[in-house]
Amino acid sequence: MIEFKDLSLVYPNGHQGLKDVNVKINDGEFVVIVGLSGAGKSTFIRSINRLVTPTEGELKVDDDNILDYKSRGLRDLRTKVGMIFQSYNLVKRNNVFKNVLAGRLGHTGTFRSVFNLFSQDDKALAYESLQRVNIDDKIYSRADQLSGGQQQRVSIARVLTQKPKYILADEPVASLDPPTSHQVMTYLRKINKEDGITTIVNLHFIDMAMEYADRIIGMRSGEVVFDGPVSEVTEETFEEIYGRSIREDDLRGGAEEDGEQNE
Amino acid sequence: MANKMNKPTMNEDKYAPLLSPWRVKAKISLIFFVILFFLIYSSEQTGVNFADLIWGLSNMGQIFDKLFPLNFDVLGPAFDRLFETLHMAIIASTFSTLIVIPVSLLAAHNITSNWLVYNTTRLTMNVLRTIPDVVLAVIFVGIFGTGVFGGIVALFIFSLGILAKLISETIESIDMQPVEAMRASGANTIQAIAYGVAPQIMPQFTSFSLYVFEINVRASVVIGLVGAGGIGQLLMNQFSFNNYGAVMTIIIVIFAVVILIEYISGKIREAIL
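Just so you know, these numbers come straight off a predicted model, no measurement behind them.

Enquirer: Explanation requested: the overall build of chain B in the structure shown.
Expert: Along the backbone of chain B there are 10 helices and 0 strands. Helices (α) and strands (β) of chain B occur, in sequence order from the N terminus, as α-α-α-α-α-α-α-α-α-α. At 26 Å, chain B has a C-alpha radius of gyration far larger than the 19 Å of a compact globule built from 273 residues. For the C-alpha atoms alone, the extent of chain B along its principal axes is close to 80 × 70 × 35 Å.

Enquirer: Before we go on, may I ask you to explain the overall build of chain A in this structure?
Expert: On a plain count of helices and strands, chain A comes out with 9 helices and 10 strands. With the C-alpha coordinates aligned to their principal axes, the bounding extent of chain A is approximately 55 × 45 × 35 Å. A buried classification covers 45% of the 263 residues belonging to chain A. Within chain A, residue pairs in contact and separated by at least 24 positions form 69% of the contacts whose partners lie at least 6 positions apart.

Enquirer: Hey, could you run me through the packing of helix H5 (residues 133–144) of chain B against helix H8 (residues 189–224) of chain B in this one?
Expert: A packed helix pair is summarised by two numbers, namely the angle formed by the two axes and the spacing between the axes. Residue and element names in this part refer to chain B. At their nearest, the axes of H5 and H8 sit 9 Å apart, and the two run at 55° to each other. The orientation of H5 relative to H8 falls into the category oblique. The crossing of H5 and H8 is right-handed. Touching Asp133, Val134 and Ala137 of H5 are Ala219, Val222 and Ile223, all from H8. Across the contact of H5 with H8, the residue classes break down as 5 nonpolar, no polar and 1 charged.

Enquirer: I would appreciate a short explanation of the UniProt feature "domain: ABC transporter" (unreviewed entry) in chain A in the present structure.
Expert: The positions that UniProt labels "domain: ABC transporter" (unreviewed entry) are, in the present scheme, residues 2–246 of chain A. End C-alpha to end C-alpha, residues 2–246 of chain A measures 31 Å, and it is 36% helix and 24% strand.

Enquirer: Sorry, what's going on with the interface of chain B and chain A here?
Expert: One frequent convention defines the size of an interface as the accessible area lost when the parts assemble. If you look at the interface, chain B gives 17 residues, while chain A gives 22 residues. Listing elements by their share of the side of chain B that touches chain A, those giving two or more residues are helix H7 (177–184) and H8 of chain B. Top contributing element to the side of chain B that touches chain A by residue count: H8 of chain B, with 7 residues.

Enquirer: Explain helix H1 (residues 22–46) of chain B here, please?
Expert: Quick reminder: α-helices carry 3.6 residues per turn. Residues three or four places apart thus point the same way. Residues and elements named next belong to chain B. Between the first and last C-alpha of H1 there are 36 Å, a value that for 25 residues agrees with the 36 Å anticipated at 1.5 Å per step. Summarising burial for H1: 0 of the 25 residues are buried, a small minority. Following H1 by one or two positions, Gly47 adopts a phi angle in the positive range, close to 70°.

Enquirer: Is there a simple way to think about the sheet that holds strand S1 (residues 2–10) of chain A in this case?
Expert: Backbone hydrogen bonds hold the strands of a sheet together, and the pairing may be parallel or antiparallel. Residue and element names in this part refer to chain A. Here we have 4 strands laid out as an open sheet, ordered S2-S1-S4-S5, and antiparallel in their pairing. Both edges of this open sheet fall to strand S2 (16–25) and strand S5 (64–65), since each of them pairs with a single strand only. With 2 bridges joining them, strand S4 (residues 56–61) and S5 adopt antiparallel strand pairing. In the strand pairing of S5, Val61 is matched with Asp64. Its contacts with the sheet place helix H1 (residues 41–48) against S1, S2 and S4, and it is angled at close to 60° to S2.

Enquirer: Explain the pairing of strand S9 (residues 215–220) of chain A here, please?
Expert: Side-chain direction in a regular strand flips from residue to residue, so the side chains alternate between the two faces of the sheet. Residue and element names in this part refer to chain A. Relative to S9, strand S3 (residues 30–34) runs parallel, the two sharing 4 bridges. Across the sheet, residue Val31 finds its bridge partner in S9, namely Arg215. Pairing of S9 with strand S10 (residues 223–229), which is carried by 6 bridges, proceeds in the antiparallel orientation. Bridging from a neighbouring strand, Arg215 pairs with Pro229 of S10. Adjacent in sequence and paired antiparallel, S9 and S10 are bridged by 2 residues, among which Ser221 carries a positive phi angle near 35°.

Enquirer: Explain the environment of Ile2 of chain A to me, please; I cannot follow it from the model alone.
Expert: Residues and elements named next belong to chain A. Here Ile2 is to be found in strand S1. It is 24 Å that separates the C-alpha atoms of Ile2 and Val173, two residues lying 171 residues apart in sequence. When near neighbours in sequence (up to four residues on either side) are disregarded, Ile2 contacts Ile25, Ile48 and Val61.

Enquirer: Where do I start with the domain arrangement of chain B in this structure?
Expert: For chain B, the domain assignment lists domain 1 (22–66) and domain 2 (70–272). The straight-line distance from the C-alpha centre of domain 1 of chain B to that of domain 2 of chain B is 33 Å.

Enquirer: Even after reading the chapter, I still don't get the confidence of the model for chain B, so can you show me in this structure?
Expert: Caution is warranted with low-pLDDT regions, since their predicted coordinates should not be read in detail. Looking at chain B, the pLDDT average stands at 87 and 96% of residues meet or exceed 70. ipTM for the predicted complex: 0.86, alongside a pTM of 0.79.

Enquirer: I tried to follow the sheet that holds S3 of chain A on my own but got confused; where do I start?
Expert: Residue and element names in this part refer to chain A. Strand order across the open sheet formed by 6 strands is S6-S7-S8-S3-S9-S10, with mixed pairing between neighbours. Only two strands of the sheet have a single neighbouring strand rather than two, namely strand S6 (81–84) and S10. Across the sheet, the axes of successive neighbouring strands diverge by a mean angle of 15°, strand direction being ignored. When strand S7 (residues 166–169) meets strand S8 (residues 198–203), the two strands line up parallel, connected through 4 bridges. Pairing of Tyr166 across the sheet is with Thr198, part of S8. Contacts from H1 reach S3, S6, S7, S8 and S9, with the element oriented near 155° to S8.

Enquirer: Looking at this model, I keep getting lost on unusual backbone geometry. Mind explaining?
Expert: Where the residue is not glycine, phi is negative for most of them; where a peptide bond is considered, it is trans in most cases. Residue and element names in this part refer to chain A. A positive phi angle, close to 55°, is found at Arg50, a residue other than glycine. Note that Arg50 resides in the loop between H1 and S4. For Lys163, which is not glycine, the phi dihedral falls at a positive 50°. Along the chain, Lys163 turns up in the loop between helix H6 (148–161) and S7. Judged by local crowding, Lys163 falls into the partly exposed class, with 17 C-beta atoms found within 10 Å.

Criteria and thresholds
Residues numbered from 1 in each chain as written. Chains lettered and ligands numbered in written order. Predicted model: local features only at pLDDT ≥ 70, side-chain atom pairs only at ≥ 80, totals over all residues. Helix = DSSP H or I, 4+ residues; strand = E, 2+ residues; numbered from the N terminus. Rg over C-alpha atoms; globule rule 2.2 N^0.38 Å. Buried ≥ 20, exposed ≤ 12 C-beta atoms within 10 Å, placed from the backbone. Contact = placed C-beta atoms within 7 Å. Axes fitted to C-alpha atoms, helices over the stretch in contact; angles between N-to-C directions. Parallel < 35°, antiparallel > 145°, perpendicular 65-115°, else oblique. Left-handed = near helix turned anticlockwise from the far one by under 90°. Nonpolar A, V, L, I, M, F, W, Y, C, P; charged D, E, K, R; others polar. UniProt positions renumbered as here; feature names shortened; annotations may be inferred. Expected span 1.5 Å × (residues − 1). Pairing = 2+ DSSP bridges. Domains from an automatic or database assignment. pLDDT = per-residue confidence, 0-100.

Structure, rendered in structure tokens:
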């Protein structure tokens, strides 16, 4: 369980990233955070694994206030919180398998990892993760030879190899085309359901949020302005979150099977 | 004057802009005249002129007369000392490539966030790099006595300075996103460096190490002249005995081996990058 209690974050330059956020995310939920760019979506997500550190309030992960964590505690926290990035963040010169094995670093001792001494179990797990996102045929390809969608699948495999309790995805489809975006979201959704991993995704596409989320949190200038199950969300809700009427580029489009979801 | 057609003039309809604004042209011209002034002023001050060059050339004939015939008796010791030179270069290059790993990480601002450590390392390396190889050799021959050991230490310090600069700049230019991903998945600093930084700098690291080895081979000849062992020392000895035939033989041997090493190492570096 992740619990935000009166959480605020002011950046050193004075910009308010988060403002009195009170949110409770239950285990196994698939939460999508929506909002315009600069609304604080990234800050929200990056607070949970302390890539940024909130300045006020409490942030509890599994009933432990993570704002007190120092290096050892941080490593343990990050080992159980996996992250997926907009630009995939793979080591481009390394092959796919090495990139996926990097997901085990948090579980592996420094000496063993520096000399590539991963256990057979780790390697088997990494391969199984590749199979789950259907990219096992590229195991020895260099990461920079893959398309964007393939790279994002490799980064999902890396997170799976980490065996996390939570997955954070920061705009995972912003650099992808519509069909690939749906593919990536479908994998995230599938993993959430099959493994029961709590998943929090930042999106700015309304139709995708509606299609994949259990619950939507809307943010505007660092504040949570909407929080509820996807069934309660209407077009007016988004207009409220965005502070303006909905436009063409707020929609990703291109859902393969079930088409128009955004009414 | 010849290109009058290309010059924009007021009475033509078309406006053809200058390649660069006139202020830029004026600056470039000014810089040209400043350089010309310093050139003339320096040759005035040092008393150097072209006539000296012409007169000097006539002495070349004399030198060439002395250099030939070649003295092949020196070939044996020449190769012995040449291998000594190569050993010096190999040992110095190996140690400097090992030591440069932590040093260049400390001198890269995207890895070392501690301002004091970063600047101290940078400053130390910059100071090291300002000392010429021959001066280092004189210092360490003074400390450890004539011979190979002082030479190796001098080459080590010399190549460490060069490598630290090249490699820390390579580290600073890497893509930090994978490193962020590793920190976010619970990797510690050493793991993030081994998995996120090392693969990105490996080709340049190998190439620079070979390059420094090339430099060390050449430098070890030069520092031998001041008594730091190797073939340079043999060259200096033969020179002081006016044994010019032997000197020329040694020079040809050095020339051949240096070219061979640079060719091989150049090919390897081409293949890597």
